[in-house]
Amino acid sequence: HVLVLPGGGYERHAPHEAEPVAEWLNGLGISTEVVRYPVHTRHPGPLDAVRERVRAARAAGASTVGVLGFSAGGHAAGTAALAGPIADDERLDFAILGYPVVSMELDTHQGSRHALIGADATAEVRRSLSLDRLVTPEAPSFFIWHTADDAGVPVTHSYLLAQALAEHGVAHELHVYETGAHGLGLAPDAGTASAWTHHCAAWLAERGYARTL
């Protein structure tokens, strides 16, 4: 079961990163739901909402639960996967992040940071919600993709997360495509970036989470 978290800077939910993505996952034989976590809401509002859906999926009998998020939704997904403490029925088996907001310490993409923790957030709070700072050896596996020339959320965000995952020995796969605007979603007709769905489907199939391609 996969929770789909659309992006939108913690201020809205991008429609093309919601139901169309859930339909794509359904086509791989994966049950899904779109989670429209609270926006214009300070932390931990979004995190609590996502974890509530994880608990509900577990209670309904899902043996494997993952998240798939884009941009700020990628940050929400990553926070749900990494931020402690995590109860047993809130643990995720994997996380798929598309062009995610990772660091609240960088000066790039301040909109998500301001919406989630405020423009005056302390260095300690910014660090505590930076995904690369939250990785431990117990983290679930990650599939991450980004474009090298993303002007909205620079690829540095994904590099920071991948480096942290590597340093802690966490299974992960990172794809950086040469070009593509921020917010591609399923990325049809987006050049090499359109291959992300194929790469992700193969990654899911290798782990027994999706139909074999």
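Residues numbered from 1 in each chain as written. Predicted model: local features only at pLDDT ≥ 70, side-chain atom pairs only at ≥ 80, totals over all residues. Heavy atoms only, no water.

Thoughts on the overall build of the protein
From N to C terminus, the protein includes 8 helices and 6 strands. Shown N-terminal to C-terminal, the secondary structure of the protein runs as helices and strands in the order β-α-β-α-β-α-β-α-α-α-β-α-β-α. Here the C-alpha atoms of the protein give a radius of gyration of 16 Å, agreeing with the 17 Å that 2.2 N^0.38 yields for 213 residues. Each principal axis of the C-alpha distribution contributes one length, and for the protein these read about 45 × 40 × 35 Å. Looking at the 213 residues of the protein, the share that counts as buried comes to 52%. (Helix = DSSP H or I, 4+ residues; strand = E, 2+ residues; numbered from the N terminus. Rg over C-alpha atoms; globule rule 2.2 N^0.38 Å. Buried < 20%, exposed > 50% of the residue type's maximum accessible area, 1.4 Å probe, protein only.)

Regarding the pairing of strand 1 (residues 2–5)
Every regular strand shows the same layout, with side chains that alternate between the two sheet faces. Side chains Val 2 and Val 4 project from strand 1 onto one buried face, and the interleaved Leu 3 and Leu 5 project onto a second face that is buried too. As paired elements, strand 1 and strand 2 (residues 32–34) share 3 bridges and run parallel to each other. Paired with Leu 3 across the strands is Glu 33, a residue of strand 2. In this fold, the crossover linking strand 1 to strand 2 by way of helix 1 (residues 19–27) has right-handed handedness. Alignment of strand 1 against strand 3 (residues 66–70), held across 4 bridges, turns out to be parallel. Note on strand 3: the bridge partner recorded for Leu 3 is Val 67. (Pairing = 2+ DSSP bridges. Right-handed = clockwise from strand over helix to strand, strands pointing away.)

Observations regarding the nonpolar core
Counting 41 residues, the largest nonpolar core has Leu 82, Val 135, Phe 142 and Leu 161 as its most contacted members. Per element, the largest residue contribution to this core is 6 residues, and it comes from helix 3 (residues 72–82). Once residues within four sequence positions are removed from consideration, Leu 161 is found in contact with Leu 82, Leu 97, Val 102, Leu 131, Asp 132, Val 135, Phe 142 and Ile 144. Counting residues in each nonpolar core, the second largest holds 25 residues, with Trp 24, Phe 70, Trp 196 and Leu 204 among its members. (Core = buried A, V, L, I, M, F, W, Y, C linked by side-chain atoms within 4.5 Å. Contact = heavy atoms within 4.5 Å.)

Describing unusual backbone geometry
Cis rather than trans, the peptide bond between His 43 and Pro 44 has omega equal to 10 degrees. With respect to the helices, strands and loops of the structure, Pro 44 is situated in the loop between strand 2 and helix 2 (45–59). Look at the link from Gly 84 to Pro 85: it is a cis peptide, with omega at -5 degrees. Counting through the fold element by element, Pro 85 comes out in the loop between helix 3 and strand 4 (94–98). Even without a glycine there, the phi angle at Tyr 99 is positive, about 35 degrees. By the element assignment, Tyr 99 lies in the loop between strand 4 and helix 4 (110–117). A relative accessible area of 2% places Tyr 99 in the buried class. A positive phi angle is found at Ala 187, which is not glycine, with a value near 60 degrees. Counting through the fold element by element, Ala 187 comes out in the loop between strand 6 (172–177) and helix 8 (196–206).

A short note on the packing of aromatic side chains
Scanning all chains against the criterion turns up 10 aromatic pairs. Ring geometry for Tyr 10 and Tyr 37: centres 5.9 Å apart, planes at 70 degrees, overall edge-to-face. With Tyr 10 in the loop between strand 1 and helix 1 and Tyr 37 in the loop between strand 2 and helix 2, the pair connects residues that are 27 residues apart, well separated along the chain. Taken as a pair, Tyr 10 and Tyr 37 share a single burial class, namely buried. Ring geometry for Phe 94 against Tyr 209: centres 4.7 Å apart, planes inclined by 20 degrees, an arrangement best described as stacked. Taken together, the residues span a long stretch of sequence, with Phe 94 in strand 4 and Tyr 209 in the segment after helix 8 at a distance of 115 residues. For Phe 94, a relative accessible area of 2% translates into the label buried. Three or more aromatic residues link up through ring pairs in this structure, and these residues are Trp 24, Phe 70, Tyr 99, Trp 145, Tyr 177 and Trp 196. (Phe/Tyr/Trp six-rings, centres within 6.5 Å; stacked < 30°, edge-to-face > 60°.)

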